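# Working through the structure, step by step
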Amino acid sequence: PLPPLRALSAYNFFFRDERERILHPHVSPDWSETKKTKLLQEHWWQDRSKKRKHRKTHGKINFTTLSKLISARWRELPEDRKDFYRQIASRD
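Please read all numbers here as calculations on a predicted model, not as lab measurements.

### Focus on the overall build of the protein
Counting its secondary structure elements, the protein contains four helices and zero strands. In sequence order, the protein lays out its α and β elements as α-α-α-α. Expressed as a percentage of the 92 residues in the protein, the buried residues total 28%. The long-range share in the protein, meaning contacts at least 24 apart out of those at least 6 apart in sequence, stands at 83%. Counting every atom, the protein has about 6900 Å² of accessible surface; 54% of that belongs to carbon and sulfur.

### Description of the packing of aromatic side chains
For the structure on display, the rule yields eight aromatic pairs. Plain terms: the ring middles of Trp 31 and Phe 84 are 5.2 Å apart, the flat faces sit at 90° to each other, and that makes the pair edge-to-face. Taken together, the residues span a long stretch of sequence, with Trp 31 in the loop between helix 1 (10–23) and helix 2 (33–44) and Phe 84 in helix 4 (residues 79–91) at a distance of 53 residues. On the basis of relative accessible area, Phe 84 is assigned to the buried category, the value being 5%. Judged by centre distance (5.9 Å) and plane angle (80°), the rings of Trp 31 and Tyr 85 are edge-to-face. Note that Trp 31 is positioned in the loop between helix 1 and helix 2 and Tyr 85 in helix 4, a separation of 54 residues in sequence. The exposure class of Tyr 85 is buried, given its relative accessible area of 0%.

### A closer look at the packing of helix 1 against helix 3 (residues 63–76)
Between helix 1 and helix 3, the least distance of the axes is 10 Å, while the angle of their chain directions is 115°. Classified by chirality, the crossing of helix 3 by helix 1 is right-handed. Where helix 1 abuts helix 3, its residues Ala 10, Tyr 11, Phe 14, Phe 15, Glu 18, Arg 19 and Ile 22 lie against Phe 63, Leu 66, Ser 67, Leu 69, Ile 70, Ser 71, Arg 73 and Trp 74. A breakdown of the residues in the contact of helix 1 with helix 3 according to their chemical character gives ten nonpolar, two polar and three charged.

### Topic: helix 3
Between its first and last C-alpha, helix 3 extends 20 Å over 14 residues, near the 20 Å set by a 1.5 Å rise per residue. Among all positions of helix 3, only Leu 66, Ile 70, Ser 71 and Trp 74 are buried. When helix 3 is viewed along its axis, its buried side chains cluster within an angular range of 125° and face the same direction. Residues of helix 3 that are exposed and angled more than 90 degrees away from the buried face: Lys 68, Arg 75 and Glu 76. In this fold, the buried residues of helix 3 make contact with helix 1 and helix 4.

Reading guide: rules and limits
Residues numbered from 1 in each chain as written. Predicted model: local features only at pLDDT ≥ 70, side-chain atom pairs only at ≥ 80, totals over all residues. Heavy atoms only, no water. Helix = DSSP H or I, 4+ residues; strand = E, 2+ residues; numbered from the N terminus. Buried < 20%, exposed > 50% of the residue type's maximum accessible area, 1.4 Å probe, protein only. Contact = heavy atoms within 4.5 Å. Areas by Shrake-Rupley, 256 points an atom, 1.4 Å probe, with all protein chains shown as cover. Phe/Tyr/Trp six-rings, centres within 6.5 Å; stacked < 30°, edge-to-face > 60°. Axes fitted to C-alpha atoms, helices over the stretch in contact; angles between N-to-C directions. Left-handed = near helix turned anticlockwise from the far one by under 90°. Nonpolar A, V, L, I, M, F, W, Y, C, P; charged D, E, K, R; others polar. Expected span 1.5 Å × (residues − 1). Arc of directions from axis to C-beta.

Put into structure tokens, the structure is as follows:
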């Protein structure tokens, strides 16, 4: 059996969500309970039985730039929006 998944922080969930918005600009922010459940299920239902294949880059933005952009957005995020991700992390 595989060990349990490590709990993710609020920032980890924000990073995953914000990355999708950056790579797919047509995706609008969603602060619903449905979105919370979706983010948790994506984390919980990861197939960890095999090593992840190397993915080709999407070519839109490199990881360093992406992470700097997302961390700046996290710092500017209002507390009520951070609480959205904190609630997800507390359920994880």
